[in-house]
Amino acid sequence: MYNRKTISKRVFRIKSFYPLKEIAFKSLLLLVISSLWVYIFREDVFFHLPLNNFWFWLFIVLTYPIWSAFTQEFIYRFFFYQRYRILFDSVLVMIFVNALCFSMAHIIFRNWVALVFTFVGSIVFSLTYIRSKSLNVVFIEHSIYGNIFFTNGFGIFFYLPL
């Protein structure tokens, strides 16, 4: 049963043994792949935000981690894996269902790119969370990836204009 007493405070710690170099490597890989994608398919938005609206970009880079990345990781990694782990016999099935749920939460952006990237991203975040057992580590990873997207222009696929 899920209740506050079953929550371990250890989940909020960053383990010293977790390879932060791995996050740096994955971040660099994501930066290269997503930047190439934007440059090839949406050159009109390539690094558009930091170059043309610096203060808005800075606002997003500073607030996205708290208001979006942390909230999503709390719900889709911490809460999901704490609450629903008893429903799954297989970790792989649980990761797949989690990725499907996370991806469908992004359906409001009405494009297949957001759905595919959030599905794959959820798998990456889930593996990080399961391996590290740290909400903070996966929050840092998600924050870095999101800020890469909003910087290089890939964020256009995760943005609803007002």
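Preceding this paragraph is the structure being described.
Enquirer: Hey, could you run me through the overall build of the chain in this one?
Expert: Counting its regular elements, the chain contains six helices and zero strands. Taken from N to C terminus, the helices and strands of the chain fall in the order α-α-α-α-α-α. The 162 residues of the chain split such that 43% are buried. Once local pairs closer than 6 in sequence are excluded, the contacts in the chain between residues at least 24 apart make up 73%. If you sum the accessible surface of the chain, you get close to 10,100 Å²; carbon and sulfur atoms cover 72% of it.

Enquirer: Just to check I follow, could you spell out unusual backbone geometry for this structure?
Expert: Most peptide bonds are trans, and most residues other than glycine sit at a negative phi. Not every positive phi belongs to a glycine, and R110 is a case in point at roughly 55 degrees. Backbone geometry places K133, a non-glycine residue, at a positive phi of 55 degrees.

Enquirer: Hey, could you run me through the side chain of S132 in this one?
Expert: Here S132 is to be found in helix α5 (residues 112-132). Judged by relative accessible area, which is 1%, S132 ranks as buried. Among the polar contacts listed, one links the side chain of S132 to the backbone oxygen of T128, at a separation of 2.8 Å.

Enquirer: Just to check I follow, could you spell out the packing of aromatic side chains for this structure?
Expert: The geometry of two aromatic rings is summed up by the distance between their centres and the angle between their planes. One pass over the full model with this rule turns up 28 aromatic pairs. Centroid distance F96 to F119: 5.7 Å. Interplanar angle 75 degrees. Geometry classified as edge-to-face. Here F96, found in helix α4 (residues 91-104), pairs with F119, found in helix α5; they are 23 residues apart in sequence, far enough to count as distant. By relative accessible area, which is 46% here, F96 ends up partly exposed.

Enquirer: I tried to follow the packing of α5 against helix α6 (residues 135-152) on my own but got confused; where do I start?
Expert: Between two packed helices, what matters for the description is the angle formed by their axes and the separation of those axes. Look at α5 against α6: their axes get within 8 Å of each other, and the N-to-C directions meet at 150 degrees. Taken together, the axis directions place α5 and α6 in an arrangement best described as roughly antiparallel. Taken as a pair, α5 and α6 cross one another with a handedness that is right-handed. On the side of α5, the interface is formed by F117, V124, F125, T128, Y129 and S132, while α6 contributes L135, V137, V138, E141, H142, Y145 and F149. Each residue belonging to the contact of α5 with α6 can be placed in one class, and the counts come to nine nonpolar, three polar and one charged.

Enquirer: Hey, could you run me through a nonpolar patch on the surface in this one?
Expert: On the surface, a nonpolar cluster with roughly 700 Å² of combined accessible area is contributed by L28, L31, V32, L36, Y39, I40 and F41. Following the sequence through the fold, Y39 ends up in helix α1 (residues 20-41). Taking relative accessible area as the criterion, Y39 reaches 43% and is therefore assigned partly exposed.

Enquirer: Mind showing me how you'd approach the nonpolar core here?
Expert: As a rule of thumb, nonpolar side chains are buried together in soluble globular proteins. Ranked by internal contacts, the top residues of the largest apolar core, which has 22 residues, are Y81, F149, F154 and F158. Counting only elements with at least two residues in this core, the list comes to α1, α3 (54-84), α4, α5 and α6. With five residues, α6 is the single largest residue contributor to this core. What F154 contacts, discounting residues up to four positions off in sequence, is S34, W37, V38, V113, F117 and F149.

The rules we used
Residues numbered from 1 in each chain as written. Predicted model: local features only at pLDDT ≥ 70, side-chain atom pairs only at ≥ 80, totals over all residues. Heavy atoms only, no water. Helix = DSSP H or I, 4+ residues; strand = E, 2+ residues; numbered from the N terminus. Buried < 20%, exposed > 50% of the residue type's maximum accessible area, 1.4 Å probe, protein only. Contact = heavy atoms within 4.5 Å. Areas by Shrake-Rupley, 256 points an atom, 1.4 Å probe, with all protein chains shown as cover. Polar contact = N/O pair within 3.5 Å; in protein donor to acceptor, adjacent residues only side chain to side chain. Phe/Tyr/Trp six-rings, centres within 6.5 Å; stacked < 30°, edge-to-face > 60°. Axes fitted to C-alpha atoms, helices over the stretch in contact; angles between N-to-C directions. Parallel < 35°, antiparallel > 145°, perpendicular 65-115°, else oblique. Left-handed = near helix turned anticlockwise from the far one by under 90°. Nonpolar A, V, L, I, M, F, W, Y, C, P; charged D, E, K, R; others polar. Patch = residues over 30% accessible without salt bridge, like charges linked within 9 Å, V, L, I, M, F, W, Y side chains within 5 Å. Salt bridge = Lys/Arg side-chain N within 4 Å of Asp/Glu carboxyl O. Core = buried A, V, L, I, M, F, W, Y, C linked by side-chain atoms within 4.5 Å.

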